[in-house]
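One-letter residues, chain by chain:
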Amino acid sequence: MIHTIVHTWKKLAVPVAFLAFFLLLGVTQASAQSLGHRTAPNPESHLAQKFGVAAYNMGTWNAGNVAQILIANTPAVKDQTNAPLNSRVTYAYYKLVISDIKNFNIAPEVALLTNLQKVQEQFKSSAVTENNSFLSGIYNSTIALF
């Protein structure tokens, strides 16, 4: 009888050991991912250097709050052909950032940087947008809203 019980436990020892190992591995990986997200550096820091602005770490802002603030501060220039260039560029920039945040779930810290380059390309016929200080000013004034 004891021989049968010992033999059964030997059969169960390997599967139980594997189960315990993978359970421990899963718990460790899950906590490592959640901790890493809070302090992750911005993957678009090279764009921040290009425009001479600060690249904020991932998780600095809440996406929903950023979208609401940008919607509330979007210049009313839609369909106004004689609107100042600064207002038109800001409008385009805010719309692109809002779209990325709401429609594509892109982090605000990334969307704010990648859309600087998109706005620069969109308004490339304007010499003002070729000047990175103009776009960095829009970025910094946008960051000040948060």
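Throughout what follows, the structure given in this document is the object of discussion. (Residues numbered from 1 in each chain as written. Predicted model: local features only at pLDDT ≥ 70, side-chain atom pairs only at ≥ 80, totals over all residues. Heavy atoms only, no water.)

The next point concerns the overall build of the protein. Helix and strand content of the protein: seven helices and zero strands. When the elements of the protein are put in sequence order from the N terminus, they spell out α-α-α-α-α-α-α. Residues counted as buried form 32% of the 146 residues belonging to the protein. Pairs at least 24 apart in sequence give 62% of the contacts found in the protein among residues at least 6 apart. Total accessible area on the protein is roughly 9400 Å²; 61% of this is exposed by carbon and sulfur atoms. (Helix = DSSP H or I, 4+ residues; strand = E, 2+ residues; numbered from the N terminus. Buried < 20%, exposed > 50% of the residue type's maximum accessible area, 1.4 Å probe, protein only. Contact = heavy atoms within 4.5 Å. Areas by Shrake-Rupley, 256 points an atom, 1.4 Å probe, with all protein chains shown as cover.)

Once that is clear, we can look at the packing of helix 5 (residues 108-122) against helix 7 (residues 132-143). Here helix 5 crosses helix 7 at 140 degrees, and the two axes come no closer than 11 Å. Crossing hand, helix 5 versus helix 7: right-handed. The segment helix 5 lies against helix 7, with L112, L113, L116, V119 and Q120 engaging N132, L135, Y139, T142 and I143. (Axes fitted to C-alpha atoms, helices over the stretch in contact; angles between N-to-C directions. Left-handed = near helix turned anticlockwise from the far one by under 90°.)

What follows is about unusual backbone geometry. The phi dihedral of N105 falls on the positive side, at around 55 degrees, and the residue is not glycine. Along the polypeptide, N105 turns up in the loop between helix 4 (85-104) and helix 5. Note on N105: relative accessible area 67%, which makes it exposed.

Topologically, N132 is positioned in helix 7. A relative accessible area of 23% means that N132 is categorised as partly exposed. For the pair N132 and G52, spaced 80 residues apart in sequence, the C-alpha to C-alpha distance is 7.6 Å. Excluding residues within four positions of it along the chain, N132 makes contact with K50, F51 and Q120. A polar contact is formed between the side chain of N132 and the backbone oxygen of K50, at a distance of 3.1 Å. (Polar contact = N/O pair within 3.5 Å; in protein donor to acceptor, adjacent residues only side chain to side chain.)

A word on the nonpolar core. Grouped together as the largest cluster of nonpolar side chains are 26 residues, with contacts concentrated most on Y93 and Y139. If you list the elements that add at least two residues to this core, you get helix 2 (45-51), helix 3 (63-73), helix 4, helix 5 and helix 7. (Core = buried A, V, L, I, M, F, W, Y, C linked by side-chain atoms within 4.5 Å.)

Summed over the entire model, instances satisfying the criterion amount to one salt bridge. Across the salt bridge formed by K118 and D100, the nearest N and O atoms sit 3.8 Å from each other. Residue K118 is located in helix 5, and its partner D100 is located in helix 4; the two are separated by 18 residues in the primary sequence. Taking the relative accessible area as the measure of exposure, K118 reaches 39% and is therefore partly exposed. (Salt bridge = Lys/Arg side-chain N within 4 Å of Asp/Glu carboxyl O.)

By themselves, these are just geometric observations and shouldn't be taken as functional.
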